[in-house]
Amino acid sequence: MAKRVTVQNLTCRRGMDKKVTFQYGSGYTSVVGLGASTSSTGQPASDWRTGKSLTESLYHIFSGGIGSDVTFLVGAKRQRIPAHTLILTSRSPVFFAMFNGPLAETGDVKVPDITVEAFTLFLTYLYTDEVTLTVGTVVSVMSVARKYCVDVLVSVCDNFLMTNFSPAIACFLLEQAHIYTEDRLMAMCLNSIGLSPEKMLTSESFAVLCPSCLTSITESDELDVDESHVYKAVMQWAEKECIRQNLEITGANKRAVLGNVLSTIRFPIMSQDFFLDQVCKDKILTSDEIVDILMYIRNNTNTLVTSFNKSYRKHYVRHGRPIFEKVHKVGKRPNCW
């Protein structure tokens, strides 16, 4: 005799053949197996849900695209990533607004400004409350979390940065912060670079900075380093940039790729020997600029015709001005931090 169980309009009939019949109202019936099923070989078939936690099951349906009802086209190549609006709207107010109400989006959702890696890590966190971060991915993931107002993930990324930040990665993170408009992180990186600039200026990541990030370093009053080190680092960057642009490494081409960065080098506070032996040799300046700067260094004039900055950086304020320099009146340094 079969057993009948009814829950509202759902009827379940269990027979002796270990099958269950679900009757929805009076018009729809489905039959599913009960207990362990078998494969074609007669062995019990495995069920991906068996022994899995809720988190593991949610990750499985996400990674496998099971039952998805929305697809994101991610990155420049529009890679398809399926997801579930129920999960998304429960975790993000931005997704809630996107997928609910009279103006709800339909069809595929394009997100061209986010990398596939960052978006996948972001969605993984929404499904599982877990995310695997690295120095190379944390800033991009934090940017996605900010975009979709997932504050708890922003905090996770911020804590990761606070725990793993070191001067050795300051230039790399500065570039990442610039790309993703993370102003607070940019300030932290610039402060770290200012405190230990010699290592930063000679690092590989410094040589691949964009001109904007390079300028943010070279224009700072907070660099605790002799100006000769700033000059050498900028020239190394210029050489690398010439190579990246397939240009011959000449003084004229280095000046061309530097653009406005050149004006942030404080030639007037260099030693006369370094200026004559190194800067003049590199042919990075015009003849008029060389004469003007030399006149200033040799104390024959209190003014500069050229526009190069003659204010002292933190290094000179802390260690004292070199004996060959005339005491020039220096304006109050801006409070950068």
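The following refers to the structure shown. (Residues numbered from 1 in each chain as written. Predicted model: local features only at pLDDT ≥ 70, side-chain atom pairs only at ≥ 80, totals over all residues. Heavy atoms only, no water.)

Quick look at the overall build of the protein chain
Heads up, the condition is: We count a stretch as a helix when DSSP gives it H or I for four or more residues in a row; a strand needs E for two or more, and each element gets its number in order from the N terminus. Three exposure classes are used, based on accessible area relative to the maximum for each residue type with a 1.4 Å probe and protein chains only: buried under 20%, partly exposed in between, and exposed over 50%. By definition, residues are in contact when any of their heavy atoms lie within 4.5 Å. Where accessible areas are quoted, they stem from the Shrake-Rupley method and a 1.4 Å probe; at the residue level, only the protein chains shown are allowed to cover.
Each helix and strand counted, the protein chain has 16 helices and 7 strands in total. Looking at the 337 residues of the protein chain, the share that counts as buried comes to 41%. Residue pairs in contact within the protein chain that sit at least 24 positions apart in sequence constitute 55% of those at least 6 positions apart. Surface accessibility of the protein chain: about 19,200 Å² in total, with carbon and sulfur atoms responsible for 53%.

Overview of the pairing of strand β6 (residues 79-83)
Which entries qualify depends on this criterion: What makes two strands pair is DSSP finding at least two bridges between them.
Pairing analysis gives 5 bridges linking strand β5 (residues 70-74) to β6, with the strands arranged antiparallel. Bridge assignment links Leu-73 to a residue of β6, and that residue is Arg-80.

Here's the deal with the packing of helix α12 (residues 227-244) against helix α14 (residues 272-282)
Note the cut-off: Working convention: axes come from line fits to C-alpha atoms, limited for helices to the stretch in contact. Angles between N-to-C directions cover 0 to 180 degrees. Comment on the angle field: the value is read as roughly parallel under 35 degrees, roughly antiparallel over 145, roughly perpendicular from 65 to 115, and oblique elsewhere. Note: crossing handedness is left-handed where the near helix turns anticlockwise from the far helix by less than a right angle, and right-handed where it turns clockwise.
Where α12 contacts α14, the two axes come as close as 12 Å, and the packing angle between them is 15°. By the angle class used here, α12 and α14 are roughly parallel. Of the two possible hands of crossing, α12 and α14 adopt the one that is left-handed. Together, Ser-228, Tyr-231, Lys-232 and Met-235 of α12 and Phe-274, Gln-278, Val-279 and Asp-282 of α14 make up the contact between the two elements.

Digging into the pattern of salt bridges
Short version of the rule: One side-chain nitrogen of Lys or Arg within 4 Å of one carboxyl oxygen of Asp or Glu is enough to make a salt bridge.
On inspection of all chains with the given rule, the structure shows 10 salt bridges. Ionic pairing is found between Arg-184 and Asp-158, a salt bridge with its closest N-O pair at 2.7 Å. Taken together, the residues span a long stretch of sequence, with Arg-184 in helix α8 (residues 183-195) and Asp-158 in helix α6 (residues 151-164) at a distance of 26 residues. A residue is classified by how much of its surface remains accessible, and Arg-184, at 55% relative accessible area, is exposed.

Considerations on the side chain of Glu-175
Heads up, the condition is: Charge counting follows a simple rule: Lys and Arg are positive, Asp and Glu are negative, and His as well as the terminal groups are ignored.
Along the chain, Glu-175 falls in helix α7 (residues 170-179). No salt bridge forms around the buried Glu-175; measuring N to O, its nearest opposite-charge neighbour Arg-244 is 9.2 Å away.

Examining α6
Quick reminder of the rule: What a helix should span is 1.5 Å times the count of its residues minus one. This arc describes the spread of directions from the helix axis toward the C-beta atoms.
An ideal rise of 1.5 Å per residue puts 20 Å on 14 residues; α6 measures up with 20 Å between its terminal C-alpha atoms. Looking at α6, one finds that the buried residues are Leu-153, Val-154, Cys-157, Asp-158, Phe-160 and Leu-161. The buried residues of α6 occupy an angular sector of 155° when the element is viewed end-on, so they sit on one face. Away from the buried face of α6 by more than 90 degrees, exposed residues Asp-151 and Thr-163 are located. Taken together, the buried residues of α6 touch α4 (116-128), α5 (138-147), α7 and α8.

Observations concerning the state of the cysteines
Spelled out, the test is: The rule for a disulfide is simple: a pair of cysteine sulfur atoms within 2.5 Å.
Applying the stated criterion across every chain, the model contains 0 disulfides. The thiol sulfur of Cys-171 is not disulfide-bonded, and the nearest other cysteine sulfur, from Cys-189, lies at 8.3 Å.

Quick word on the packing of aromatic side chains
Stated formally: Pairing of aromatic side chains requires ring centres within 6.5 Å, counting the rings of Phe and Tyr and the six-membered ring of Trp. Pairs whose planes differ by under 30 degrees are stacked, by over 60 edge-to-face, and all others tilted. Over a ring means this: the NZ of a Lys or the CZ of an Arg is within 6 Å of the ring centre and within 35 degrees of the ring normal.
The final tally for this structure, using the stated rule, is 14 aromatic pairs. On the numbers, 6.4 Å between centres and 80° between planes, the contact of Phe-267 with Phe-275 is edge-to-face. Summarising the burial analysis for this pair, Phe-267 and Phe-275 share the class buried. Among the aromatic side chains, those forming a connected cluster through ring pairs are Phe-72, Phe-95, Phe-99, Phe-119, Phe-122 and Tyr-148. Across from the ring centre of Trp-237, 5.8 Å away, lies the NZ or CZ of Arg-244, which sits over that ring.

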